[in-house]
Amino acid sequence: MAEEANPFESLQEQIDDAAVHVDVPEDVLERFKHPERVLETNLTVEMDDGSLSIFKAFRSQFNGDRGPYKGGVRYHPGVSRDEVKALSGWMVYKCGVVDIPYGGGKGGIVVEPRDLSTGELERLTRSFAKELRPIVGEDRDIPAPDVNTGQREMNWIKDTYETLENTTAPGVVTGKAIESGGSEGRVEATGRSVMLTAREAFDYLDRDIESATVAVQGYGNAGSVAAKLIESELGANVVAVSDSSGAVHDPGGLDAAAVRSHKDETGTVTGYPDASEEFSNEDLLTMDVDLLIPAALENAIDGDLARDVKADVVVEAANGPLTPEADDVLTESEVYVFPDILANAGGVTVSYFEWVQNRQRFYWPESRVNDELERHIVDAFDGLTAAFENHDLPNFRRAAYVVALERLGRAYRESGTWP
Ligand code: GLU
């Protein structure tokens, strides 16, 4: 098996590929390829049995030229320094594509959260929040949910920060529960932007989404909401979905919401009683469908697997699911890939709306959130396809980086260099 791609090197390659088309000096480009700083810390947590455990944790602040650092915090045994650096960089370019006034950051803890009790998770999260306190803030760096974190963890971070700072500062994190200053529509936002991107992509390519077959790899928040909305709002046919335990398939179409309920009850999509067959994640990724949505982790499709991909269109719900080699293979075989930094940008876009609401202490109804989100994603989609055509680019990922790099370059030029 080929060696797993390093996501940080993938990010740098994506930036270099786009830089050829953009007027950014070499030395400034170096700045745009490296994080400004990375906090690495070892959290000491008291376990339920009274023993102590040490957990490694990171926060990477990649670039703040367009605004406060912004990005999620993930809990996963595979978290590494280079992964967090890459994810924080992808946030910079994502915020650039959808043109929201943020830089990029990302955090992670090396932990299998399923092995911890709720009390242990709370102590772990509060311990991380204590370490983050000096470097985060409503105008500094704003964490959010990511893989295996959600409203509960964000509320713990907010409460720890506010307690230590002796203030109220709901905008220090986004993705909170509604009662704690969260926004309507935030939980569904990532899946919603995946759905909107799929809708715009099929329209742009002159294909019919209503008759499309869809496979979704990964059935967490992003994948399951995307599947549900693609079914309910676009009328497409979700024929296969998977999680880390395997895939379920029904050529006649699965009920995306019912599969999610099954996963909530049993912990996995496998065993869903109305599926006609079960197979592996790899089988799902190489299915002959109109639309494939990777919604799990980085490097789901490498160069080798890409040679077997039979989907016509790929919309990335996960961050970094394709290696650069996979990108080259799919470009060559004319599979249209709509990149993560556009397709899953709904999460951070509604985080931005949440932060705006927190700062104004004035809260929007869900209809306003969804309307504003649609406007941002459709505008970003149009900007990306315009760059694709105007620069005669090989693929849409390149176009997304060109758009973001141009915005980042302008912001940096306008501010100048601090000695
Ligand atoms: N973790 C999400 C992402 O990768 C959301 C980040 C945020 O809302 O700040 O885009």
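Quick summary incoming for the structure in this document. Being a predicted model, the structure only gives us computed values, none of them experimental.

Cut-offs used in this document
- Residues numbered from 1 in each chain as written.
- Predicted model: local features only at pLDDT ≥ 70, side-chain atom pairs only at ≥ 80, totals over all residues.
- Heavy atoms only, no water.
- Pairing = 2+ DSSP bridges.
- Helix = DSSP H or I, 4+ residues; strand = E, 2+ residues; numbered from the N terminus.
- Axes fitted to C-alpha atoms, helices over the stretch in contact; angles between N-to-C directions.
- Expected span 1.5 Å × (residues − 1).
- Near = heavy atom within 4 Å.
- Polar contact = N/O pair within 3.5 Å; in protein donor to acceptor, adjacent residues only side chain to side chain.
- Areas by Shrake-Rupley, 256 points an atom, 1.4 Å probe, with all protein chains shown as cover.
- Nonpolar A, V, L, I, M, F, W, Y, C, P; charged D, E, K, R; others polar.
- Salt bridge = Lys/Arg side-chain N within 4 Å of Asp/Glu carboxyl O.
- Buried < 20%, exposed > 50% of the residue type's maximum accessible area, 1.4 Å probe, protein only.
- Contact = heavy atoms within 4.5 Å.

Take the sheet that holds strand β12 (residues 336–338) next. If you walk across this open sheet you meet the seven strands as β9-β8-β7-β6-β10-β11-β12, and the pairing is mixed. Edge positions in the open sheet fall to β9 (277–279) and β12, since each of these has one partner strand only. Between one strand axis and the next, the sheet turns through 20 degrees on average, direction left out of account.

Attention now moves to the pairing of strand β1 (residues 37–46). Taken together, the ten bridges between β1 and strand β2 (residues 52–63) define a ladder with antiparallel strand orientation. Bridge assignment links Leu43 to a residue of β2, and that residue is Phe55.

Right, let's get into helix α14 (residues 366–390). Look at α14: 36 Å from first C-alpha to last across 25 residues, which is about the 36 Å you get at 1.5 Å a residue. Taken from the residues just after α14, Asp392 is the one with a positive phi, measuring 55 degrees.

Among the 14 residues in the neighbourhood of the ligand, the closest are listed as Lys70, Lys94, Pro145, Asp146 and Ser351. The contact in question runs from an oxygen atom of the ligand to an N or O atom on the side chain of Lys94, over 2.7 Å. If the ligand stood free it would expose 300 Å²; the protein chains cover 95% of that surface. Every element with two or more residues in the shell around the ligand is listed here: β3 (69–76), α3 (81–97), β5 (141–145) and α13 (346–360). Here the residues of the shell around the ligand sort into four nonpolar, five polar and five charged.

A complete count under the given rule lists 40 salt bridges for this structure. Between Asp99 and Arg66 there is a salt bridge; the shortest N-O distance is 2.7 Å. One end of the pair, Asp99, is in the loop between α3 and β4 (104–110); the other, Arg66, is in the loop between β2 and β3, with 33 residues separating them in the sequence. The exposure class assigned to Asp99 is partly exposed, which follows from its relative accessible area of 41%. Take Arg66: its relative accessible area is 17%, and that puts it in the buried class. As a salt-bridge pair, Arg397 and Asp327 come within 2.4 Å of each other at their nearest N and O atoms. Placement of the pair is Arg397 in helix α15 (residues 396–415) and Asp327 in helix α11 (residues 324–332), with a sequence separation of 70 residues. Arg397 sits in the buried class, given a relative accessible area of 4%. The buried category is assigned to Asp327, whose relative accessible area is 7%. What emerges from the salt-bridge pattern is a single network uniting Arg74, Glu83, Lys106, Asp146 and Glu298.

Attention now goes to helix α5 (residues 151–165). In a regular helix each residue adds 1.5 Å, so 15 residues correspond to 21 Å; α5 covers 21 Å between its end C-alpha atoms and thus fits that length. For α5, every residue scored as buried is listed here: Glu153, Met154, Trp156, Ile157, Lys158, Thr160, Tyr161 and Glu162. Residues of α5 that are buried make contact with β3, α4 (118–132) and β5. A positive phi of about 50 degrees marks Asn166, the residue just after α5.

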